[in-house]
Amino acid sequence: MDSAHSGSPADRTGRASRVGYLPDRDQTLMKLVVAGPFGVGKTTLIRTLSEIATLHTEEAMTETGAPVDDAALLPGKRTTTVAVDFGRLTLPGQVVLYLFGTPGQRRFFPLWRDIARGAVGALVLADTRRLADSFEIMDMVEEQGLPYAVAVNGFPDAPVHSVDVLRAHLDLHPATPLVLCDARERRSSLDALIALAEHVLHGLPPAPDPAPEGP
């Protein structure tokens, strides 16, 4: 779903006559991808932010997957996303964000590309214990031509670095937003998403001027 404007007429009871969950006013709709390596907190962030019941496709991790899903730094992790996470969030100004979380393992990369189709931007989560794991994800986002922001998710035992040090390690373009967040905490997660939304909106082409009225 590309960024678009939407509104729906309401009947006399005030309910939307065509799309019941959208209010009766113009909205800017944005499809965003929440990406990042395995176990970085994508599902948690979407669950923290969504204003609706979230959709998750999680399955229990097994011994068979242990060689490819290295959870050595994630001792409490028992499940992993195998398809998509989905949530929705409305920001002030009637900007509606549709959040699509993607699996982080390499074997799901073809699915990632399908999910990212039609998105206008991506939020890439990173973990300071394994920053290098984010490079492949950022490469994919760039290959898709998506503007993105990076949110460094803080874990209790993770090294703490300044934003300048993190930007240098991740080799980010000066215009790419970088924020620190805790995916379990709504305020900082919201700040990360707002940084991405503003970055995306700033890069959109201006709306064409209305055609002049005839004589």
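Our structure is the block above this text.
Residues numbered from 1 in each chain as written. Predicted model: local features only at pLDDT ≥ 70, side-chain atom pairs only at ≥ 80, totals over all residues. Heavy atoms only, no water.

Q: For the overall build of the chain, give the residues involved together with the corresponding values.
A: Helices and strands together make up the secondary structure of the chain, namely five helices and nine strands. For the chain, the residues scored as buried account for 45% of the 215 residues in total. In the chain, of all internal contacts separated by at least 6 residues, the share reaching a separation of at least 24 is 70%. (Helix = DSSP H or I, 4+ residues; strand = E, 2+ residues; numbered from the N terminus. Buried < 20%, exposed > 50% of the residue type's maximum accessible area, 1.4 Å probe, protein only. Contact = heavy atoms within 4.5 Å.)

Q: Can you explain the packing of aromatic side chains? Please cite residues and give values.
A: According to the stated counting rule, one finds two aromatic pairs in the structure shown. Centre to centre, the rings of F86 and Y98 are 6.2 Å apart; their planes meet at 15°, and the pair counts as stacked. Taken together, the residues span a long stretch of sequence, with F86 in strand β5 (residues 85-91) and Y98 in strand β6 (residues 95-101) at a distance of twelve residues. Joined through ring pairs, the aromatic side chains of F86, Y98 and F100 make up one cluster. Directly above the ring of F100 sits K31, whose terminal nitrogen or CZ lies 4.7 Å from the centroid. (Phe/Tyr/Trp six-rings, centres within 6.5 Å; stacked < 30°, edge-to-face > 60°. Lys NZ or Arg CZ within 6 Å of the ring centre and 35° of its normal.)

Q: If you had to explain the nonpolar core to someone new, which residues and values would you point to?
A: Judged by nonpolar contacts, the single largest core of 27 residues is most densely connected at L32, L45, L97, L123 and L193. Sorting elements by how many residues they give to this core places helix α5 (residues 186-203) first, with seven residues. The residues contacting L97, other than those within four sequence positions of it, are M30, L32, G87, R88, L89, L91, L193 and A197. Listed in part, the 22 residues of the second largest apolar core include A35, A122, I137 and V152. (Core = buried A, V, L, I, M, F, W, Y, C linked by side-chain atoms within 4.5 Å.)

Q: Explain the pairing of β6 residue by residue, including any values.
A: Most of β6 sits inside the fold, with six of its seven residues counted as buried. Relative to β6, strand β2 (residues 27-35) is paired through seven bridges, and the arrangement is parallel. When the bridges of β6 are listed, K31 appears paired with Y98. Hairpin connection from β5 to β6: three residues lie between these consecutive antiparallel strands, with G93 at a positive phi of about 85°. (Pairing = 2+ DSSP bridges.)

Q: Which residues make up the environment of A175, and what are the values?
A: When you line up the elements, A175 lands in the loop between α4 (163-170) and β9 (178-181). For the pair A175 and Y148, spaced 27 residues apart in sequence, the C-alpha separation works out to 9.8 Å. Sequence-distant contacts of A175, defined by excluding residues within four places in its chain, comprise R167 and H199.

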